[in-house]
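So you can see what is in the structure, the chains are spelled out below.
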Amino acid sequence: MTDAMMVYAADQPLDPLGDADTASEQKSTKNRAKVGSGRSSSLLYTYGPGSIMDLPQFTIMPAGLDDWEAIWRRRDGVPTIHAPRLLEAVQTMLGSQVSELRPFPWAPKKNFSSKEGDDLGVPARVFPQWMRCTGCDLLGPIVRFTYTNTHPYRTDEARFEHEKCYGRAADKNRKSRRSPAVPARYLIACADGHLDEFPYPWWVHHGNACPKAEFPILKMVDRTGGKGASATIACDSCQARRPMNEAQGEAAQGKLPKCRGRHPHLNAFTAGGCRMPVRLMLVGASNLWFPATQSIVVMPQSAAEAVASRGDALKSALGSDLETFQNQPVVLRALLKKGGSPLADLSDDELAAAVALAMSPAVTDEELEERRRAWDPVDLLVPEWRYLQRDPVGHQHDDPSGLMLSARALDPKLRPEITRVLAVDKLRKVNAVVGFTRIDEMERVSDLTSRLVPMTRDKRPRWAVATEDRGEGIFLQFDEVKVDAWERVVLDTQVWDDHRAAHRRNFVRRYSETAKQVDADERLRPPRYWLLHTFAHVLIREMAMQCGYSAASLSERIYAWTADSGRDPAAGLLICTTASDSDGTLGGLVQLSEPARLELVVTSALERASRCSSDPVCAHRTPSDPEDFLHGAACHCCAMASETSCERANRFLDRRFLLNLPGAVGLGFFD
């Protein structure tokens, strides 16, 4: 699946398709709206609103959700994704006014040249809007360059050009040529998520105006291959020069301007400005955009959950008509039937109850803040764990939720620590993005209100964007008694004390100021999580060699918490593969759940984990002061997985918790 990226260069409200329609009516063949495409998964996790996406010739920034409304208005109805449990989590973070989850504006095409979906796409702005000519090093705002994009099927040819480029030679008698322009690669950002263009004229003139020209001619001179802040900014008008490396590091804090509080994806500035210090950023920096996402594997709803979700569904289906006709069930049912909503089939009593839920008073800001403080991401996993404890009804039990489970017998040779296996023949996974952060990754609930960058200008969105993936997987459950006994032993070891001390150091150094108000031990995953997480990684490596899927396409879902967390204890894992543009059920992964094949996979995975090409260095690795890495005997040669596979960015891994490695006898769960 691909989603069209529609570019708009000016700092104005976006409606690129409307502009394209106007150009078409005028029989213009220039400046087509669509400039690229991306998979829904990449738009969710890598190139969402507020990020910077590389196109072949320039970079763009997907706009905030306000600008998506112009796209949705081109359709009679807006599609939604049904996932009440995930919607409730999104409401906790963004407010009870969020009534629905929407997919990306995309529609499939029958063939390459057909027109289906041409009226949909993600609006975007060119950013940064300072560009450098590759022929003469001219540095200037986007208005100094010409945009070219005329081929309807070659979006890679869209580019900005310097029409009268004379090159770098001093001979002005040379003929001019058209040279491509590329984005100037420097930006400034702050920890509160603001991002702005680098002020090149201000920088080269040390905060003053150019004494020779109101609009000076600037150049970005770089002869070192473009690595880091190696360029020099030169003013041809007054001959001033200043290297960019002065903007790097702690010494640059007093040299850079104050943060203006700019959110370019919203075309807005934070009211009252921003007092946070800024730092130099490169356009392609990996810490420029971190999505704050939540995901669930959709499980069948209980009767109580189905009733509770009807209020949000009713608000989403009727909008403002609900308040107008709330006391007229006949009218409500007619509107629901017209929209094709299944709520039209409710009885009068059920419809009245749904209306009461939908019209109940909104949650106050104080109540919402309390819910945020009490909320734990593990809450999304608990219903899944509880449902997976049930035995499927018959072979390949299918459900309207999209989940199909099959019980599997255990091979007599399978490790006795694994007590239960389920083949997940089909599953549906829904992922929602609620915002993003810059510079530091969003990992702690207490930071939500202070560091989460909004996706809309009013900070109270009515909907959130989500993706819906389908796939298959294998669920393994461990013996709780054995896990509990092993965990008690590990908690009293020096290795665990070292991991806990490293986590405290990492927590204080890595996170924002609110980290000082939170006990680091509350964020440390228990030993059973390290065990299951490490086992999932070595299992993914082994499964990838036998199931037909690449290791990067397999992902983990870890169910690991203790009874003292206020929940029933859990010790299990789900290895799955999902895709947004197909059913994702080729069957190769599910086949590995067959008793004999699973036994071979587990045995081989543990054998491979017993040795590493980096041993004995890897096997003896333990963090010590001042080190703060969050893994032990694990490296890319033995246990670390790709970014798409791991839910914890390769943290909380240690092979010593799996097996008795040299120098750590007694720690291995599979001893």
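To start, this report covers the structure provided alongside it. (Residues numbered from 1 in each chain as written. Predicted model: local features only at pLDDT ≥ 70, side-chain atom pairs only at ≥ 80, totals over all residues. Heavy atoms only, no water.)

**Considering the overall build of the protein**
When you go through the protein residue by residue, the secondary structure sums to 17 helices and 26 strands. Taken over 671 residues, the protein has a buried fraction of 52%. Long-range pairs, those at least 24 residues apart, make up 71% of the contacts in the protein between residues at least 6 apart in sequence. Summing over all exposed atoms, the protein offers an accessible surface of approximately 31,000 Å²; the carbon and sulfur share of this is 50%. (Helix = DSSP H or I, 4+ residues; strand = E, 2+ residues; numbered from the N terminus. Buried < 20%, exposed > 50% of the residue type's maximum accessible area, 1.4 Å probe, protein only. Contact = heavy atoms within 4.5 Å. Areas by Shrake-Rupley, 256 points an atom, 1.4 Å probe, with all protein chains shown as cover.)

**As for the pattern of salt bridges**
Tallied over the entire structure, the rule returns 36 salt bridges. Here aspartate 119 and arginine 75 are joined by a salt bridge, their closest N and O atoms 2.7 Å apart. Remark: arginine 75 occurs in the loop between helix H3 (69-72) and helix H4 (84-94) and aspartate 119 occurs in the loop between strand E5 (100-102) and strand E6 (122-126); sequence separation between them is 44 residues. For aspartate 119, a relative accessible area of 21% gives the class partly exposed. Since its relative accessible area comes to 32%, arginine 75 is described here as partly exposed. Among the salt bridges present, the one from arginine 528 reaches glutamate 487, with a minimum N-O distance of 3.1 Å. (Salt bridge = Lys/Arg side-chain N within 4 Å of Asp/Glu carboxyl O.)

**Some words on the side chain of arginine 420**
Tracing the backbone through its elements, the reader meets arginine 420 in strand E23 (residues 418-437). Classification of arginine 420 as buried rests on a relative accessible area of 15%. At 2.8 Å, the side chain of arginine 420 forms a polar contact with the backbone oxygen of arginine 390. If we skip the residues at most four places from it in the chain, arginine 420 touches Leu388, Gln389, Arg390, Asp391, Leu410, Phe475, Leu476 and Gln477. (Polar contact = N/O pair within 3.5 Å; in protein donor to acceptor, adjacent residues only side chain to side chain.)

**Re the sheet that holds strand E15 (residues 232-235)**
Taken together, the eight strands give an open sheet; going across it, the order is E9-E10-E11-E7-E8-E14-E15-E16, and neighbouring strands pair in antiparallel fashion. Each edge of the open sheet carries a strand with a single partner, namely strand E9 (146-148) and strand E16 (241-243). The average undirected angle you get between the axes of adjacent strands in this sheet is 35 degrees. Examined bridge by bridge, strand E10 (residues 159-165) and strand E11 (residues 177-183) share four bridges and lie antiparallel to one another. (Pairing = 2+ DSSP bridges. Axes fitted to C-alpha atoms, helices over the stretch in contact; angles between N-to-C directions.)

**Considerations on the nonpolar core**
Residues Leu476, Phe478, Phe535, Leu539 and Met543 are the most contacted members of the largest nonpolar core, which totals 50 residues. At the level of secondary structure, the elements contributing two or more residues to this core comprise E23, strand E24 (463-478), helix H13 (480-491), helix H14 (494-510), helix H15 (527-544), strand E25 (555-561), strand E26 (570-579) and helix H17 (595-609). The element best represented in this core is H15, accounting for ten residues. Those residues within four positions of methionine 543 in sequence are excluded, and the remaining contacts are Ile474, Leu554, Ile575, Leu589, Leu592 and Val601. Judged by nonpolar contacts, the second largest core, of 26 residues, contains Cys190, Ala247, Leu256 and Val278. (Core = buried A, V, L, I, M, F, W, Y, C linked by side-chain atoms within 4.5 Å.)

**Comments concerning the pairing of strand E20 (residues 290-297)**
Across the eight residues that make up E20, a large majority, six, are buried. Across eight bridges, E20 lies against E23 in antiparallel orientation. Following the sheet pairing, alanine 292 is matched in E23 by glycine 435.

**What to know about unusual backbone geometry**
For the bond from phenylalanine 127 to proline 128, the omega torsion is 0 degrees, close enough to zero to count as cis. Inspection of the secondary structure assignment puts proline 128 in the loop between E6 and strand E7 (130-133). Note the cis peptide between aspartate 615 and proline 616, where omega equals 5 degrees. Locating proline 616 in the fold gives a position in the segment after H17. Unusually for a residue other than glycine, alanine 649 sits at a positive phi of about 55 degrees. Of note, alanine 649 is situated in the segment after H17. You will see that asparagine 650, though not glycine, has its phi angle at about 60 degrees, which is positive. Tracing the backbone through its elements, the reader meets asparagine 650 in the segment after H17. Take asparagine 650: its relative accessible area is 14%, and that puts it in the buried class.

**Comments concerning the packing of H4 against helix H10 (residues 365-374)**
The contact between H4 and H10 brings their axes to 8 Å, and the two run at 115 degrees. Like other packed secondary-structure pairs, H4 and H10 cross with a definite hand, here left-handed. Side by side, H4 and H10 meet where Glu88, Gln91, Thr92, Met93 and Leu94 of the first sit next to Leu368, Arg371 and Arg372 of the second. Residues of the contact of H4 with H10, tallied by class, amount to three nonpolar, two polar and three charged. (Left-handed = near helix turned anticlockwise from the far one by under 90°. Nonpolar A, V, L, I, M, F, W, Y, C, P; charged D, E, K, R; others polar.)

**Overview of the sheet that holds strand E19 (residues 279-282)**
On the basis of which strands lie adjacent, the open sheet formed by three strands has the order E13-E12-E19 and antiparallel pairing. Each of the sheet's edge strands pairs with one partner strand only, and the pair in question is strand E13 (195-197) and E19. Taking the axes of each pair of neighbouring strands and ignoring which way they run, one obtains an average angle of 40 degrees across the sheet. Relative to E13, strand E12 (residues 186-189) runs antiparallel, the two sharing three bridges. Counterpart to leucine 187 in the pairing with E13 is glutamate 197.

**Considering the state of the cysteines**
Joining two cysteines, a disulfide is a covalent bond between their sulfur atoms. Overall, the coordinates contain zero disulfides when judged by the stated rule. Of all cysteine sulfurs, the one in cysteine 136 lies closest to cysteine 133, which takes part in no disulfide; the gap is 3.6 Å. Residue cysteine 133 is classed as buried on the basis of its relative accessible area, which comes to 0%. This cysteine, cysteine 235, is not joined by any disulfide, and cysteine 238 carries the nearest cysteine sulfur, 3.5 Å off. Using a relative accessible area of 1% as the deciding quantity, one classes cysteine 235 as buried. (Disulfide = S-S within 2.5 Å.)

**Regarding the pairing of E25**
The buried count for E25 comes to seven of seven residues, which makes it a mostly enclosed element. Of the two faces of E25, the one carrying Ser555, Arg557, Tyr559 and Trp561 and the one carrying Glu556, Ile558 and Ala560 are both buried. In terms of strand pairing, E25 meets E26 through seven bridges, oriented antiparallel. Bridging from a neighbouring strand, isoleucine 558 pairs with leucine 573 of E26.

**Remarks on the side chain of histidine 503**
For histidine 503, the location among the structural elements is in helix H14. The exposure class assigned to histidine 503 is buried, which follows from its relative accessible area of 4%. Apart from the residues lying within four places of it in its own chain, the contact partners of histidine 503 are Ala520, Arg523, Leu524, Leu630 and Phe652.

**Side note on the environment of asparagine 431**
The topology assignment puts asparagine 431 in strand E23. Beyond its immediate stretch of four places on either side in the chain, asparagine 431 contacts Leu44, Tyr45, Leu86, Gln294, Ser295, Val465, Ala466, Thr467 and Asp469. Within polar-contact distance, the side chain of asparagine 431 engages the side chain of tyrosine 45 at 3.1 Å. At 3.1 Å, the side chain of asparagine 431 forms a polar contact with the side chain of aspartate 469.

**Observations concerning the packing of H13 against H15**
It is the contact of H13 with H15, at a shortest axis distance of 9 Å, that shows an interaxial angle of 115 degrees. The element H13 and its partner H15 pack so that their crossing is right-handed. Contact residues: Glu480, Val483, Asp484, Trp486, Glu487, Val490 and Leu491 in H13; Pro527, Arg528 and Leu531 in H15. The residue makeup of the contact of H13 with H15, split by class, is six nonpolar, no polar and four charged.

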